Amino acid sequence: HNVTIEPGVIVGDDCTIEYGAVLHVGTVLGHRVTIGTGAVISRQGFGFTLGPRGPVQIHHIGRVEIGDDSSIGACCNIDRGRFGATRVGKMCGLDFGVHLGHNSRVGDRSFIAAQAGLAGHAFIGNDCEVGGQTGFGNHAGVGDGSKVGAQAGLIKDYGPDRVLWSTPAVDMNMALRMNATLRRIVRGKAKDVE
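Residues numbered from 1 in each chain as written. Predicted model: local features only at pLDDT ≥ 70, side-chain atom pairs only at ≥ 80, totals over all residues. Heavy atoms only, no water.

J.: Please clarify how the environment of Cys15 should be interpreted in this entry.
T.: Of note, Cys15 is situated in the loop between β2 (10-11) and β3 (16-17). The partly exposed category is assigned to Cys15, whose relative accessible area is 21%. Once the C-alpha coordinates of Cys15 and Val33 are considered, the two residues, 18 residues apart in sequence, prove to be 4.8 Å apart. Setting aside anything within four residues of it in sequence, one finds Cys15 in contact with Leu29, Gly30, His31, Arg32 and Val33. (Helix = DSSP H or I, 4+ residues; strand = E, 2+ residues; numbered from the N terminus. Buried < 20%, exposed > 50% of the residue type's maximum accessible area, 1.4 Å probe, protein only. Contact = heavy atoms within 4.5 Å.)

Structure below.
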């Protein structure tokens, strides 16, 4: 019910498109893809430039490609590329409310938990796990086999096989040491006040 599929959209075999989903022009789904309730795929990306009268939205003419056997959760938004494609690989899972900005890339067999967001041109390699509410800045990302803890903020290319947490993101062991040090400092200050 209430699914919108615009002209020119390509849908592979055995796909499931749930209530209220919108597939805009430029959407290309592989086979056995699931699109969750209320998801919006290949909408105009978020990009502006300054004109003589203020900000002007840049028209995005690319597409969104979603690989075979991937699942896009309810209320996800995947912007089409400005040029080229925003890509989700094969056998991926996006949880509720994930946002992928224009020209971002998610590799094969990678999973992203709820409310995470990728800015334009951000990337996630193959076989990665990304925690909820994680944010990826423009052109920031991780390579193959990486794990990113919840609410981390990524600001650069961190490379493959990383385990990251905190904002800005650092290796998990460093983040835990920083947290422990901060707690010791706060406890010491509390004793000084008493």
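There's more to say after this.
J.: Got a minute to help me understand the pattern of salt bridges in this structure?
T.: Any two side chains of opposite charge can pair, given that their charged atoms come close. According to the stated counting rule, one finds six salt bridges in the structure shown. Measuring nitrogen to oxygen at the nearest pair gives 2.7 Å for the salt bridge that ties Asp127 to Arg109. Here the residue Asp127 occupies a position in the loop between β19 (123-124) and β20 (129-130), and Arg109 occupies one in the loop between β16 (105-106) and β17 (111-112), the gap between them amounting to 18 residues. Taking relative accessible area as the criterion, Arg109 reaches 34% and is therefore assigned partly exposed. Lys147 is the partner of Glu129 in a salt bridge, and the nearest nitrogen-oxygen pair spans 3.7 Å. Residue Glu129 is found in strand β20, and its partner Lys147 is found in strand β23 (residues 147-148); the two are separated by 18 residues along the sequence. Looking at Lys147, the relative accessible area reads 38%, which means it is partly exposed. (Salt bridge = Lys/Arg side-chain N within 4 Å of Asp/Glu carboxyl O.)

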